[in-house]
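Chain and residue survey
What follows is each chain in one-letter form.
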Protein chains: 2
Amino acid sequence: MNLKKTIENIAKEAKEASRVLSKASTEAKDKALRTMARMLRSKVSLIIHHNRKDIAKVRSSRLSKALIDRLTLDKSRIMEMAASIDAVAKLPDPCGAIDKMWKRPNGLVIGKMRVPIGVIGIIYESRPNVTADCAALCLKSSNAVVLKGGKESINSNIAIYGILQEALKKEGLPEGCIGLVESKDRKAVSYLLQMDDYIDLVIPRGGESLIKMVAEQSRIPVIKHYKGVCHVYVDGKADMKKALNICINAKVQRPGVCNAMETLLVDSAIAKEFLPEIAKRLKVCGIEMRGCYETGKLLSNIRAAKESDWREEYLDLILAVRVVKGIEGAIAHITKYGSSHSDAIVTEDFSKALKFLKEVDSACVYSNASTRFTDGHEFGFGAEIGISTDKIHARGPMALEELTSYKYIIFGDGQVRK
Amino acid sequence: MNLKKTIENIAKEAKEASRVLSKASTEAKDKALRTMARMLRSKVSLIIHHNRKDIAKVRSSRLSKALIDRLTLDKSRIMEMAASIDAVAKLPDPCGAIDKMWKRPNGLVIGKMRVPIGVIGIIYESRPNVTADCAALCLKSSNAVVLKGGKESINSNIAIYGILQEALKKEGLPEGCIGLVESKDRKAVSYLLQMDDYIDLVIPRGGESLIKMVAEQSRIPVIKHYKGVCHVYVDGKADMKKALNICINAKVQRPGVCNAMETLLVDSAIAKEFLPEIAKRLKVCGIEMRGCYETGKLLSNIRAAKESDWREEYLDLILAVRVVKGIEGAIAHITKYGSSHSDAIVTEDFSKALKFLKEVDSACVYSNASTRFTDGHEFGFGAEIGISTDKIHARGPMALEELTSYKYIIFGDGQVRK
């Protein structure tokens, strides 16, 4: 069978399974999730065995340490994977929830009911835990899922997939609920993105180039974020202690993630006071600063920032720094260079805080808190399937509710239209 | 200047205007809307003058009466157009509304705030009133709009657009708020659909072929419905009087629209009783029935339905009729042949009504009411920019809220992530 046909069959089976899932009870779904978690726990050594094959292959090529770290599964990571499936089982079922309900003058009662989207395609890179996480979130929200992971993690993915399939079988759910495209052929993704008859939504997870490719080729709606060029703006009226804490946290706590600060904006009114202090602390943390001309005048030994630095998602121990003229300058910079992900203001000035929250057009806008909170768990969603910087369907951290659509259900007693 | 560049400039100007609009006050937007309505009223004869040119052109070609009717503007239709802009001015502003707000254990307060999407592209056919309606809805929701109407109504559209521009100018809003692509070149739509850097969402309004073309060519997210093959299922436990009224209303009240019934499904348990009665009434209304084999046995002089009839959106005085085995048969038929638009059950049986509401996967699912209620006004939205059978972003009747996205605003007092 050729590749295109194979993928079409996976997608078609997913569509059929999604119909069964849309009628499955919360109890049945949760039971299947708990079985998945239990079986993953009982097959730790099998997963590690297959994961080693992936690592061996990557070692022989010249890929980065970070990649090997993302790829590696050990006992504790597999236990975490299982624990997060159990956690998803405990979350409320989003399907069937009625968001609102109202009565019309003619007596019709209209309700807005959450329903599954249908079939979700997930295209991801090397993290094998995504396989289990996404399968669990889709199952809980009554969506079938078609997974296409990176070729580096193919053996790990097949092993995890096999275990999830066993659990589905044990619980009497169709195997189409979770599909895995096993091919390493680059064309597999292109074929998948043409299956708009069967797949309703695609969520790509990975680097900017993967996401661009998916967005360009897809005939299916895509929800995505390209990158997180997150800003913290320290206003002239900032509490200095809060500002220092927030900036260090936003940059240093985990620099390699999309909600970490990449550019620090400092009000010219306090640059002289604030910059030397933050520079001292950043240096201790091993952060390299790249500053604008004004920053250079205030700090010695600072590398000059180039125009391209303002658009850079370093994901590294590097920070771009710019002195701006007050909140207007900060908003103008963010509007021009930002990625609409997460941006923060630090200020004790009420009106400026509200102005920033209102005018910055990003998925998450913070006043006096670290951008690092942009995360489904931190928002209280209990899980996360991704973060969106799009404005269609879902924005910001996405979890179970974002994996649903809605339908209107109308209760009448014979009404006809006049 | 070449066409592509012209369209790019319109889209770019719209993007810039959308930034101004996102900060405009409700008062300023409403004032502009009222000015638009007033100016349309004061220029009735100018609009009619240009509309006559369009009609003259269409008359000389061999297009249908229905098209001429859709195209024609007279004084009362222009007054209606103005009145509906005034009505939009009176609706609540969706932007800035906080859908929900919650507190996290660490003290962060997170709110979900409605924001405009940005730039909306509307691609439509011959109705010139769409120009004013869509411009008003987009302006009220702080979105800039790029309009591309059918070539048949080009003179009417330019005239209306000119008046709306005058109103924008008078009220100090940028002219980019409302853009009109005047070209009759077929490539104009293709170019528009490539402007994903500037246009955030496209809503096509018109026949199935237009919508298919837009969906296939667009690099921008599209929200749409292809067609409305709506069903009424008359259950064995139906109240006969309600069933007759609902079926007649759903088919006859306005047969040419997407929420009219195209297929009647009758439970075999009451077919013998119900079919002759409804056939008598449909005949009086001039409706031609096309029936399945069972229907043919119960009614004489019925044309046999072909397989293709079950998928047909007649938009005409024709009705497909099928006898099904109870609610399971009805749901199976709708799942196979339906268009996920609007479907109704007529029954006094509580469990069956709930089963139908739950299991039929359509944008609007009715119990004991006519499918004709699928409409923004009838739902109480005060307006309508279209109907969606998609599951991403918006489903069913779409109005102001569906023209918005959201952002998370987070109030902290120094929180950092642990």
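Residues numbered from 1 in each chain as written. Chains lettered and ligands numbered in written order. Predicted model: local features only at pLDDT ≥ 70, side-chain atom pairs only at ≥ 80, totals over all residues.

1. Things to note about the overall build of chain A
The condition is simple: Here a strand is any run of E in DSSP of at least two residues, a helix any run of H or I of at least four, and the numbering for each starts at the N terminus. A residue is called partly exposed when the number of other C-beta atoms within 10 Å of its own lies between 12 and 20, exposed at 12 or fewer, and buried at 20 or more, with C-beta atoms placed from the backbone. By the convention adopted here, residues are in contact when the distance between their C-beta atoms, placed from the backbone, does not exceed 7 Å.
Of regular secondary structure, chain A possesses 14 helices and 16 strands. Principal-axis analysis of the C-alpha atoms places the extent of chain A at approximately 70 × 65 × 35 Å. Counting over 418 residues, chain A shows a buried share of 52%. Put simply, of all contacts in chain A between residues at least 6 apart along the chain, 72% involve residues at least 24 apart.

2. Notes on the domain arrangement of chain A
Rules: Note that the domain bounds reflect an automated or database-derived domain assignment.
Segmentation of chain A into domains returns domain 1 (3–224 + 393–411) and domain 2 (230–373). Distance from the C-alpha centre of domain 1 of chain A to the C-alpha centre of domain 2 of chain A: 35 Å.

3. Notes on the interface of chain B and chain A
Where we set the bar: Three categories are distinguished: nonpolar for Ala, Val, Leu, Ile, Met, Phe, Trp, Tyr, Cys and Pro, charged for Asp, Glu, Lys and Arg, and polar for the others, with Gly belonging to the last. Strands were regarded as paired on the criterion that DSSP finds at least two bridges between them.
The interface is formed by 52 residues belonging to chain B together with 52 residues belonging to chain A. Counting only elements with at least two residues in the side of chain B that touches chain A, the list comes to α1 (3–23), β2 (109–116), α10 (240–252), α14 (350–359), β13 (364–369) and β16 (404–415) of chain B. Of the residues forming the side of chain B that touches chain A, the biggest block, 11 residues, is contributed by β16(B). The class makeup of the residues in the side of chain B that touches chain A is 23 nonpolar, 16 polar and 13 charged. Taken together, the 5 bridges between strand β13 (residues 364–369) of chain A and β16(B) define a ladder with parallel strand orientation. By the bridge assignment for β16(B), Ser367(A) is matched with Phe411(B).

4. Comments concerning the sheet that holds β13(B)
Taken together, 10 strands build an open sheet; the order of strands is β1(A)-β2(A)-β16(A)-β13(B)-β12(B)-β7(B)-β8(B)-β11(B)-β9(B)-β10(B) and the sheet is mixed. One side of each edge strand has no neighbouring strand; the edge strands of this open sheet are β1 (98–103) of chain A together with β10 (303–304) of chain B.

5. Brief notes about the pairing of strand β2 (residues 109–116) of chain A
Remark: a regular strand shows side chains that alternate across the two faces of the sheet. Residues and elements named next belong to chain A. Across 5 bridges, β1 lies against β2 in antiparallel orientation. Bridge pairing in β2 links Met101 to Gly111. Connecting β1 to the antiparallel partner β2 that follows it, the hairpin turn spans 5 residues, and Gly107 within it adopts a positive phi of roughly 95 degrees.

6. Structural notes on the relation of the copies chain B and chain A
This is how the line gets drawn: Each copy is superposed on the other by least squares, with the fit set by C-alpha atoms of residues at a pLDDT of at least 70 in both.
After a rotation of 180 degrees and a shift along the axis of 0.0 Å, chain B superposes on chain A with an RMSD of 0.1 Å. The superposition of one copy onto the other is thereby described by a two-fold rotation axis. Every residue of chain B has its C-alpha some distance from the rotation axis, and the shortest such distance is that of His393(B), at 1.8 Å. Of all interface residues in chain B, 100% are interface residues in chain A too; the two copies therefore contact each other through one and the same surface.

7. Quick notes on the sheet that holds strand β12 (residues 342–346) of chain A
In plain terms, the rule: Angular values range over 0 to 180 degrees, each being the angle between N-to-C directions of two axes fitted as lines to C-alpha atoms, with helices fitted over their stretch in contact.
Read from one edge of the open sheet, 10 strands run β10(A)-β9(A)-β11(A)-β8(A)-β7(A)-β12(A)-β13(A)-β16(B)-β2(B)-β1(B), paired in mixed fashion. Each edge of the open sheet is held by one strand with a lone partner, namely β10 (303–304) of chain A together with β1 (98–103) of chain B. Note that strand β9 (residues 288–291) of chain A and β10(A) share 2 bridges and pair parallel. What sits directly across from Arg290(A), in β10(A), is Arg303(A). Contacts between helix α11 (residues 271–284) of chain A and the sheet are confined to β7 (230–234), β8 (261–267), β9 and β11 (318–324) of chain A, with β8(A) contributing the most and set at about 150 degrees to the helix.

8. Some remarks on α11(A)
Residue and element names in this part refer to chain A. The criterion, for reference: By this rule, a helix spans an expected 1.5 Å times one less than how many residues it contains. In this description, one arc is meant: the one made by directions from the helix axis to the C-beta atoms.
In this model α11 runs 20 Å from its N-terminal to its C-terminal C-alpha over 14 residues, within 8% of the 20 Å that 1.5 Å per residue would give. Burial in α11 covers these residues: Ala271, Phe274, Leu275, Ile278, Ala279 and Leu282. Along α11, the residues classed as buried sweep out an arc of 125 degrees about the axis, all on the same side. Every exposed residue of α11 that faces more than 90 degrees away from the buried side is listed here: Glu273, Pro276, Lys280 and Val284. For α11, the elements touching its buried residues are β7, α10 (240–252), β8, β9, α12 (293–298) and β11. Gly286 lies just past α11 and shows a positive phi near 80 degrees.

9. With respect to the pairing of strand β6 (residues 201–205) of chain A
Residues and elements named next belong to chain A. Along β6, 5 of the 5 residues are buried, which leaves the element largely enclosed by surrounding structure. Here β6 shows no split at all, with Leu201, Ile203 and Arg205 on one side and Val202 and Pro204 on the other all buried. Bridge count between strand β3 (residues 119–124) and β6: 5 bridges; the pairing is parallel. Each residue of the ladder has a partner; that of Tyr124, found in β6, is Arg205.

10. Considerations on the environment of Gly107(A)
Relative to the elements of secondary structure, Gly107(A) occurs in the loop between β1 and β2. Sequence separation between Gly107(A) and Asp413(A) is 306 residues, and the spatial gap between their C-alpha atoms is 8.1 Å.

11. So, the confidence of the model for chain A
We apply this condition: The pLDDT value tells you how sure the predictor is about a given residue, anywhere from 0 up to 100.
Across chain A, the average pLDDT comes to 96, with 99% of residues at 70 or higher. As scored by the predictor, the complex reaches a pTM of 0.94 and an ipTM of 0.95.

12. Some points on the environment of Ala56(A)
Looking at where Ala56(A) falls in the secondary structure, it is placed in helix α3 (residues 44–60). For the pair Ala56(A) and Ile68(A), spaced 12 residues apart in the sequence, the C-alpha separation amounts to 9.6 Å.

13. Digging into unusual backbone geometry
All names here are of chain A. Non-glycine residue Asn301 carries a positive phi angle of around 60 degrees. One non-glycine residue, Asn368, lies in positive phi territory at about 60 degrees. Inspection of the secondary structure puts Asn368 in strand β13. Assessed through the 22 C-beta atoms surrounding it within 10 Å, Asn368 is described here as buried.

14. Points about the packing of helix α2 (residues 26–42) of chain B against helix α5 (residues 75–90) of chain B
Residues and elements named next belong to chain B. This is how the line gets drawn: Angle categories: roughly parallel below 35 degrees, roughly antiparallel above 145, roughly perpendicular from 65 to 115, and oblique for all the rest.
At a minimum axis distance of 8 Å, the contact between α2 and α5 shows a crossing angle of 170 degrees. By the criterion of interaxial angle, the relationship of α2 to α5 is roughly antiparallel. On the side of α2, the interface is formed by Asp30, Leu33, Arg34, Met36, Ala37, Leu40 and Arg41, while α5 contributes Ile78, Met79, Met81, Ala82, Ile85, Asp86, Val88 and Ala89. When grouped by side-chain class, the residues that make up the contact of α2 with α5 number 11 nonpolar, no polar and 4 charged.

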